[in-house]
Amino acid sequence: MRKSAPLVPRVVSDIAGVVGLLCRFPFDQLAIGATGDMHFSKILLRIFELVVIVFAARWVATFLVSYSIVKLPELPTQILEHSLTALLAGPFIVYRCVAVWMEKSLKEMRNARREVVWPVVMIFVVGLMMTTSISTWIAYDHYVDSEVAFDDLAERLKTEVVRRMKVFEHGLKSLRGLHEACEEVSLAEFRDYCQVVDPVLNFHGAMGQGFIRRISHDERDSFLEWAHQNLGEDFTISSVKKESPYDDQLVICHIEPLARNRAAWGLDIGSETNRRQAAEESIATGKPTISAKIDLVQDELHQNGFLYLLPTYRIDMPRNTPSQREAAFNGWVYMPITAELALDGIIQASDGMLDVEVYDDTAIAPDARLFRANGYRFANPEEAEHYVPHFVKSYTLDVGGRQWTVKVSSNRNFDLEGDYFQTYVALTAGGLLTFFLAVMVWNMSSSRRQAILMAESMTLDLKKAKEQAEDNLHRFTTIFDNVPVGVNLLDVNGRVLKTNPAGLNLWEAYSERQILNQSLIGQIPEDQHERVIQSLELAAGGKTTSAEFQMIGFRGTVCLVEMHAVRVGTAKYLGCPIQILIALRDITDQRRAENDLREAHDKAEAANQSKSEFLANMSHEIRTPMTAILGYADLLAEQAHRDVPVKDRLEYINTIRRNGEHLLMIINDILDLSKIEAGKMTLETVPTRVDLVIREVLDLMQVKASAKGLDVDATIETKIPKLIPSDPIRLRQVMVNLVGNAIKFTEIGRVRVRVRYDQEDKQLKMLVVDTGIGMTKQQLERLFQAFAQADNSMARRFGGTGLGLRISKRLAEMLGGDITVTSEIGSGSVFCVSLKVDNIHDSNWLDPADAMTVTVETDKSEEKSFKADSQPLQGMKIILAEDGPDNVRLISFFLRKAGAEVTTVENGRLLVEKLTQDGTVDGELMDPIPYDVVLSDMQMPEMDGYEAAQLLRSKGAGFPIVALTAHAMSGDVIKCMDSGCTAYATKPIDRARLIGVLQRFHPHAMAAAVI
């Protein structure tokens, strides 16, 4: 409640003003006696009388306003005091003035006292009473409005406090969901969660979030052992107070971010009463609970803080009663919160018009205050201390089980914003009216002036009203003409009365006259008439409606528009009919964009589905041979199969080898596809005989076809180029894939390769024709996609990864050609490989009769040499660097069986140390080197083969270094050679090829090469 200013100084100040006015009053007119002489003593007496009257009236008015009338802000209070002062003093002043004036003509106007004095007094009394009453009523009305505004702002502040606390509660419930969904949340999982839900960023005011476990005295040692294993060796339990009177401990296990909360990590919150009380209450209630005001150990600024705790329970146990919650209790999730940061900025909810204080109790006391914010800053602290707000209100909130008091008070921003202009107007108008009425009694001539003033005032008001109407019309016209939406005014029959420029664009009209009285329904397709007519009828009935339809412009352009319709005007009044205002917006581009986005989403979903089916298929294709490999390996290892005949054991081994080669083929297909998709595949261009490539493919696939009882042959239908520039290896790969697919999908009949040269298109065409199952049009459309087959179901009959055709298609394109396919369900398929071949010399033609007659001698020198000499590496000394124990055992066995002496090391560092004089990496190389060849794997720990080869070459090593790598790409081979290797061999190990590579560096072979 606002206190009034001191009474005596205010009254004295007012009297001084009155005296100043009286000093300028023509008292010579009042102090003239019957003789016409002015008596100065009478003037002083009249002034003294006036001062006494004003002083007494002011004193009484101040007393009444301060202690009897409802309390108002300072400004309306002063208005009331002045009004009461005038009401009390006015009649006495007028009476004394009239009485003095009457003294000079008392003899002539003795009978006029009753007709003049009393009417004037009554006018002042009634006028001032009415003015005071109206002014008081208006001031009080404004006061009520200010109080309502204050209550609204105060309610917003209170709601903001509750909302901010709810944010922390939601965060705790989310964290509880994580702990209740898992039996135990590890430190890594908790940190991952906190990285996603950053407590400092998402919960303003929270210093972090964590998890608290209750540890009994007997569990302390086991808990510390667990904490050192799972939380860190530096984890320790600390207490808020040096000695805790409780047997159990409530220990903070997890808290993030740890850097700013390390002081709280491992803290026993149960060692302090306020923290423990909040924790125990949360278990009993099962609800989020806030502690009393505390000092957070991790808060270096020592701000007002508190803990927000929420218990977590085992999800498989009931928690309806306190005893059940105690039994199911698992721990607490919590947030340490500083009140200054948590409530920082809430004053903005009141637009800086209020001050707010939050107390941790129902009692408002300085030691219980959590937060304080001022919307107005005084320049002088003493002024702020003595300032009394107009409005003060307190709320009691239940926050986390505690009673908080939110005290809200208005500040100078709010108190000075009250609009009491109408009060001044009422006071002024009432005073003037009273004065004019009083003057009218004294002088009837003043009535004419009053009429003139009233006429001038009315004229000014009318002028302002006209200017305002013209301004509103101009504003409406500007908006109507420039809004980017077609606005049309229609009659109830849907005919156009008026439109704006945007509407003309939609109608495709050159002027408003062209569409005047045109029907909107006439520009809409007939099948959409009913919907639009219904919307217009609803709008005419007073409802706001909307609809979408196609609209045809005068030039024939069809666009999709969105219409919003509303009625303007009510029923017919003064000849004005009902009209409908519609807004038309062209949404053609918007709907097209939405459709494009929907189609793109569907395509992405289809691609993702194809990729998933491809991965499932690959899993099947890889696991199938792996099952055979592991199964037959187990059979060979079992004691019960040790006596199996040699023939059966060889069959087991061949099965393992066959399935291993199948796995290698799948891996090679994947590598080929990855190289092609990445643009890393390189081709060579050499003269190639296509007929011999075809024959090699048929010889290779003959066994597979015979197993199914199919005939496989080839025909040369026309003369073909004898030699073409191409890559024979990749061309063979394409044909093997196509012929293999034809055999796989053909059960009865034959597979034939037809070769011809098309003179018109200058293309060499190789057609693979089968009598298999054929394909549908839909299957043909997705045949060459990256992750698709003709049949993607898990139960397909023929197997395969679906990579072969994709690889073949891309290889054919890289060879300068393409693959096309035609097919018919039940009749078979025809795959055509076409290669562009032109500029053929006359001598470079091959007749069909001469095709596929040249015998191709395969280079089997290595195999013959290997078979002829059972120990081709006799006398060689080889050092092997390999980190895989199984590979070391296998490769050493192959080399020793071939006659070599083998020394093994585990990595490149040991290899270099083995070849230096002092046995260190930095030492000089031995001279001479005790080994003929270094055989090194390229991927090893500590020091890999690339680094070891470079280091040996930098030391001046000239002996052969053979790289052993599982990488099959050409870039990896180049990398091996660039690092200093002499040759390379690939994994999986081909014994004959490996021995053939090493045999080139046999001392005898090296000596013969030198000679």
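Rules used throughout
Residues numbered from 1 in each chain as written. Predicted model: local features only at pLDDT ≥ 70, side-chain atom pairs only at ≥ 80, totals over all residues. Heavy atoms only, no water. UniProt positions renumbered as here; feature names shortened; annotations may be inferred. Helix = DSSP H or I, 4+ residues; strand = E, 2+ residues; numbered from the N terminus. Buried < 20%, exposed > 50% of the residue type's maximum accessible area, 1.4 Å probe, protein only. Areas by Shrake-Rupley, 256 points an atom, 1.4 Å probe, with all protein chains shown as cover. Core = buried A, V, L, I, M, F, W, Y, C linked by side-chain atoms within 4.5 Å. Contact = heavy atoms within 4.5 Å. Expected span 1.5 Å × (residues − 1). Arc of directions from axis to C-beta. Axes fitted to C-alpha atoms, helices over the stretch in contact; angles between N-to-C directions. Parallel < 35°, antiparallel > 145°, perpendicular 65-115°, else oblique. Left-handed = near helix turned anticlockwise from the far one by under 90°. Nonpolar A, V, L, I, M, F, W, Y, C, P; charged D, E, K, R; others polar. Pairing = 2+ DSSP bridges. Polar contact = N/O pair within 3.5 Å; in protein donor to acceptor, adjacent residues only side chain to side chain. Patch = residues over 30% accessible without salt bridge, like charges linked within 9 Å, V, L, I, M, F, W, Y side chains within 5 Å. Salt bridge = Lys/Arg side-chain N within 4 Å of Asp/Glu carboxyl O. Lys, Arg positive; Asp, Glu negative; His and termini not counted. Charge placed at Lys NZ, Arg CZ, Asp CG, Glu CD. Phe/Tyr/Trp six-rings, centres within 6.5 Å; stacked < 30°, edge-to-face > 60°. Lys NZ or Arg CZ within 6 Å of the ring centre and 35° of its normal. pLDDT = per-residue confidence, 0-100.

The name an unreviewed UniProt entry gives the protein chain is histidine kinase, with Blastopirellula marina as the organism. The record in UniProt for the protein chain states the following under Subcellular location (unreviewed entry): "Membrane". Under Catalytic activity (unreviewed entry), UniProt gives the following word-for-word description of the protein chain: "ATP + protein L-histidine = ADP + protein N-phospho-L-histidine."

Visitor: Looking at this model, I keep getting lost on the overall build of the protein chain. Mind explaining?
Guide: Regarding its fold elements, the protein chain presents 31 helices and 30 strands. Relative to its full complement of 1011 residues, the protein chain shows a buried share of 41%. Summed over all atoms, the accessible surface of the protein chain reaches about 55,900 Å², with 55% contributed by carbon and sulfur.

Visitor: Just checking my understanding: could you explain the nonpolar core for this structure?
Guide: The tendency in soluble globular proteins is for nonpolar side chains to be buried side by side. In this structure, Ile-694, Val-753, Met-766, Val-768 and Phe-831 are the most contacted members of the largest nonpolar core, which totals 47 residues. Of all the secondary structure elements, the ones that give two or more residues to this core are helix H21 (690-707), strand E18 (711-716), helix H22 (728-744), strand E21 (750-758), strand E22 (763-770), helix H24 (804-814), strand E23 (817-824) and strand E24 (828-836). Each residue touching Met-766, except ones within four places of it in the same chain, is listed here: Val-690, Ile-694, Leu-731, Met-735, Arg-754, Val-755, Phe-831, Cys-832, Val-833 and Leu-835. If you look at the next biggest cluster of nonpolar residues, it comprises 45 residues, including Leu-157, Phe-203, Ile-290 and Val-406.

Visitor: Please clarify how helix H26 (residues 885-897) should be interpreted in this entry.
Guide: Residues spaced three or four apart along an α-helix face the same direction, because each turn holds 3.6 residues. Between its first and last C-alpha atoms H26 spans 18 Å; for 13 residues at 1.5 Å apiece the expected length is 18 Å, and the two agree. Along H26, the residues classified as buried are Val-888, Ile-891, Ser-892, Phe-894 and Leu-895. Within H26, the buried residues cover an arc of 160° as seen down the axis, which keeps them to one side. The exposed set on the far side of H26, more than 90 degrees from its buried face, consists of Pro-885, Asp-886 and Arg-889. Buried residues along H26 sit in contact with strand E26 (877-881), strand E27 (901-905), strand E28 (933-937), strand E29 (961-965) and helix H30 (991-999).

Visitor: When you look at the packing of helix H27 (residues 908-915) against helix H28 (residues 945-954) in this model, what are you seeing that I'm missing?
Guide: Each packed pair of helices is defined by two parameters, the angle between the axes and the distance between the axes. Where H27 contacts H28, the axes come no closer than 9 Å and their chain directions differ by 25°. Compared by their axis directions, H27 and H28 come out roughly parallel. Relative to H28, the crossing made by H27 is right-handed. Contact with H27, carried on its side by Gly-908, Leu-911, Val-912 and Leu-915, involves Ala-948, Leu-951 and Leu-952 of H28 and no other residues of that element. Grouping the constituent residues of the contact of H27 with H28 by class yields six nonpolar, one polar and no charged.

Visitor: Would you take a moment to explain the sheet that holds strand E9 (residues 369-373) for this structure?
Guide: The pairing of strands in a sheet comes from backbone hydrogen bonds and takes either a parallel or an antiparallel form. In space, the four strands of this open sheet follow the order E9-E8-E11-E10, with antiparallel pairing throughout. Edge positions in the sheet fall to E9 and strand E10 (392-399), since each of these pairs with one other strand and no more. If you compare each strand with its neighbour and ignore which way they point, the axes differ by 15° on average. Bridge count for strand E8 (residues 354-359) against E9 is four bridges, and the pairing is antiparallel. Of the residues in E9, the one forming a bridge with Val-358 is Phe-371.

Visitor: Any chance you could explain the side chain of Arg-176 here in plain terms?
Guide: Secondary-structure assignment places Arg-176 in helix H4 (residues 113-181). From its side chain, Arg-176 meets the backbone oxygen of Pro-311 in a polar contact 3.3 Å long. For Arg-176, the contacting residues outside a window of four places in its chain are Gly-286, Leu-310, Pro-311, Thr-312, Tyr-313 and Val-333.

Visitor: Looking at this model, I keep getting lost on the packing of H26 against H30. Mind explaining?
Guide: One can describe the packing of H26 onto H30 by two numbers: an axis separation of 11 Å at closest approach and a directional angle of 60°. Comparing their axes, H30 and H26 come out oblique. In this structure, the crossing between H26 and H30 has a hand that is right-handed. Residue-level inspection shows Ile-891, Phe-894, Leu-895 and Lys-897 of H26 in contact with H30, the latter providing Arg-991, Leu-994, Ile-995 and Leu-998.

Visitor: Quick question: what am I supposed to make of a nonpolar patch on the surface here?
Guide: A cluster of nonpolar side chains, contributed by Phe-55, Trp-59, Val-60 and Leu-88, occupies part of the molecular surface with about 320 Å² of accessible area. Sort the elements by how many residues they give to the nonpolar patch and helix H2 (residues 40-67) lands first, with three residues. Looking at the element boundaries, Val-60 is found in helix H2.

Visitor: Would you mind going over the pattern of salt bridges with me for this structure?
Guide: When their charged atoms lie close together, side chains carrying opposite charge are able to pair. Summed over the entire model, instances satisfying the criterion amount to 37 salt bridges. A salt bridge links Arg-275 to Glu-272; its shortest N-O distance comes to 3.1 Å. Overall, the relative accessible area of 11% leaves Glu-272 in the buried class. With its nearest N and O atoms 2.7 Å apart, the salt bridge here joins Glu-562 to Arg-585. Taken together, the residues Glu-562 in strand E15 (residues 558-568) and Arg-585 in strand E16 (residues 579-586) connect sequence positions 23 residues apart. Among the charged side chains, a salt-bridge network with shared partners connects Asp-152, Arg-156 and Asp-351.

Visitor: Looking at this structure, how should I read the pairing of E23?
Guide: Successive residues of a regular strand alternate their side chains across the two faces of the sheet. Across eight bridges, the pairing between E23 and E24 is antiparallel. What sits directly across from Asp-818, in E24, is Ser-834. Linking E23 back to E24 in an antiparallel pair, the connection comprises three residues, with Gly-826 at a positive phi of about 85°.

Visitor: Quick question: what am I supposed to make of the pairing of E10 here?
Guide: Taken together, the eight bridges between E10 and strand E11 (residues 402-410) define a ladder with antiparallel strand orientation. The partner of Val-399 across the bridge, within E11, is Arg-402. The hairpin formed by E10 and E11 contains two residues between the paired strands, and Gly-400 there has a positive phi angle of roughly 60°.

Visitor: Which parts of the structure should I look at to understand a negative patch on the surface?
Guide: Residues Glu-183, Glu-184, Glu-189, Asp-192 and Asp-316 make up a contiguous surface patch of negative charge. Residue position: Asp-316 is located in the loop between strand E6 (305-313) and helix H10 (322-328). Under the relative-accessibility criterion, Asp-316 is labelled exposed at 65%.

Visitor: I would appreciate a short explanation of the side chain of Gln-528 in the present structure.
Guide: Residue position: Gln-528 is located in the loop between helix H17 (512-515) and helix H18 (529-540). Among the polar contacts listed, one links the side chain of Gln-528 to the side chain of Arg-531, at a separation of 3.3 Å. In contact with Gln-528, other than residues within four places in its own chain, are Glu-548, Phe-549 and Gln-550.

Visitor: How should the environment of Thr-588 be read in this particular structure?
Guide: The residue Thr-588 is located in helix H19 (residues 588-637) in this model. Thr-588 sits 28 residues away from Leu-560 along the chain, and the two C-alpha atoms are 4.9 Å apart. If near-sequence neighbours (up to four positions away) are discounted, Thr-588 is found in contact with Cys-559 and Leu-560.

Visitor: How should I be thinking about the packing of aromatic side chains in this particular structure?
Guide: Think of a pair of aromatic rings as described by two things: how far the centres are apart, and how the planes are tilted against each other in angle. All chains considered together, the criterion is met by 14 aromatic pairs. Seen in terms of ring centroids, Phe-306 and Trp-404 are 5.5 Å apart; in terms of plane orientation they differ by 80°. Their pairing is edge-to-face. Placement of Phe-306 in strand E6 and of Trp-404 in strand E11 is noted, with a sequence separation of 98 residues between them. Each member of the pair Phe-306 and Trp-404 is classed as buried. Plain terms: the ring middles of Tyr-757 and Trp-845 are 5.5 Å apart, the flat faces sit at 75° to each other, and that makes the pair edge-to-face. Of the two residues, Tyr-757 sits in strand E21 while Trp-845 sits in strand E25 (residues 845-846), which places them 88 residues apart along the sequence. When its relative accessible area of 7% is taken as the criterion, Tyr-757 is described as buried. One Lys or Arg, Lys-719, reaches over the ring of Trp-845 and ends 5.4 Å from the middle of that ring.

Visitor: Can you help me understand the sheet that holds E22 in this one?
Guide: Here we have five strands laid out as an open sheet, ordered E18-E21-E22-E24-E23, and mixed in their pairing. Strand pairing shows two members of the sheet lacking a second neighbour, E18 and E23, which therefore form its edges. For this sheet, the mean angle separating the axes of adjacent strands, direction not counted, is 15°. Pairing of E18 with E21, which is carried by six bridges, proceeds in the parallel orientation. Bridge pairing in E21 places Ile-716 opposite Val-755. On the sheet, H21 packs against E18, E21 and E22 and is oriented at approximately 170° with respect to E18. The sheet contacts of H22 involve E18, E21, E22, E23 and E24, and relative to E22 the element is tilted by about 25°.

Visitor: Would you explain the confidence of the model for the protein chain in this entry?
Guide: Note that predicted coordinates carrying low pLDDT should not be read in detail. Model confidence for the protein chain is summarised by a mean pLDDT of 80, while 81% of its residues fall at 70 or above. Within the model, the stretch residues 1-38 combines pLDDT values under 50 with 49 contacts to residues more than four positions away or in other chains. This stretch, residues 792-797, has a pLDDT under 50; its non-local contacts, to residues over four places away or in other chains, come to eight contacts.

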